[in-house]
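A closer look at the structure
Chain residues, written in single-letter form:
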Amino acid sequence: PMCNQTVSLVAAAIEDRGIPTVTIQLLEEIARKIGPPRALCVPFAHGFPLGQPGNAQMQRDIILEALALIDRTDLSPPHLSHHSSGSQKPEGRK
């Protein structure tokens, strides 16, 4: 939980200096408490923030979905979004 909290706090500090940020969050409850400026909540296990290992298309889609939050002018920080491709849980590393 500490890394999720730290990333949120660092994102807020960077935003305070005028640089837009977006985080990918594994723990929505931590993101809700800390309130990063923009966050994409994903339903994956710790160690797999971009989903299934080796699934380059899924990983690319998640990164693009997160980056798209920066361009949205209709959002006011703090904003939490949810990954749109369902709740596929990645298997452990092989």
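What you are looking at is a predicted structure, and each value in this text was computed from that prediction instead of being measured.

Reading the values: the criteria
Residues numbered from 1 in each chain as written. Predicted model: local features only at pLDDT ≥ 70, side-chain atom pairs only at ≥ 80, totals over all residues. Heavy atoms only, no water. Buried < 20%, exposed > 50% of the residue type's maximum accessible area, 1.4 Å probe, protein only. Helix = DSSP H or I, 4+ residues; strand = E, 2+ residues; numbered from the N terminus. Right-handed = clockwise from strand over helix to strand, strands pointing away. Pairing = 2+ DSSP bridges. Contact = heavy atoms within 4.5 Å. Axes fitted to C-alpha atoms, helices over the stretch in contact; angles between N-to-C directions. Expected span 1.5 Å × (residues − 1). Arc of directions from axis to C-beta. Core = buried A, V, L, I, M, F, W, Y, C linked by side-chain atoms within 4.5 Å. pLDDT = per-residue confidence, 0-100.

Turning next to the pairing of strand E2 (residues 38–41). Side chains of E2 alternate between two faces, with Arg38 and Leu40 and Ala39 and Cys41 buried alike. Remark: the strand E1 (residues 23–25)/helix H2 (residues 28–34)/E2 crossover connection has right-handed handedness. Relative to strand E3 (residues 79–82), E2 runs parallel, the two being bridged by 4 bridges. Note that in E3 the partner of Ala39 across the bridge is Leu80.

Summarising the element assignment, Thr21 is placed in the loop between helix H1 (2–16) and E1. Thr21 gets classed as buried once you look at its relative accessible area, which sits at 10%. If sequence neighbours within four positions are ignored, Thr21 has contacts with Ala11, Ile14, Glu15, Pro37, Arg38 and Ile70.

This next bit is on the sheet that holds E2. Strand order in the open sheet made by the 3 strands is E1-E2-E3, with parallel pairing throughout. Only two strands of the sheet have a single neighbouring strand rather than two, namely E1 and E3. Put simply, the sheet's adjacent strands are angled 30° from each other on average, direction ignored. Packing against the sheet, helix H3 (residues 56–71) makes contact with E1, E2 and E3, and its axis sits at approximately 155° to E2.

The subject of this paragraph is H3. The end-to-end C-alpha separation of H3 is 23 Å, in line with the 22 Å expected for 16 residues at 1.5 Å each. All buried positions along H3 are accounted for by Met58, Ile62, Glu65, Ala66 and Leu69. Viewed end-on, H3 has its buried residues packed into an arc of 90°, placing them on one side of the element. The outward face of H3, more than 90 degrees from its buried face, is lined by the exposed residues Ala56 and Asp71. Buried residues in H3 make contact with E1, E2 and E3.

For the rest of this paragraph, the subject is the nonpolar core. Soluble globular proteins: nonpolar side chains tend toward being buried together. Of all hydrophobic cores here, the largest spans 10 residues; its members are Leu26, Leu40, Val42, Phe44, Phe48, Met58, Ile62, Ala66, Leu69 and Leu75. Here this core gets 4 residues from one element, more than from any other, and that element is H3.

Mean pLDDT for the protein: 86, with 87% of residues reaching 70 or above. Taken together, the stretch residues 86–94 has pLDDT below 50 and engages in 18 contacts with residues farther than four places along the chain or on a different chain.

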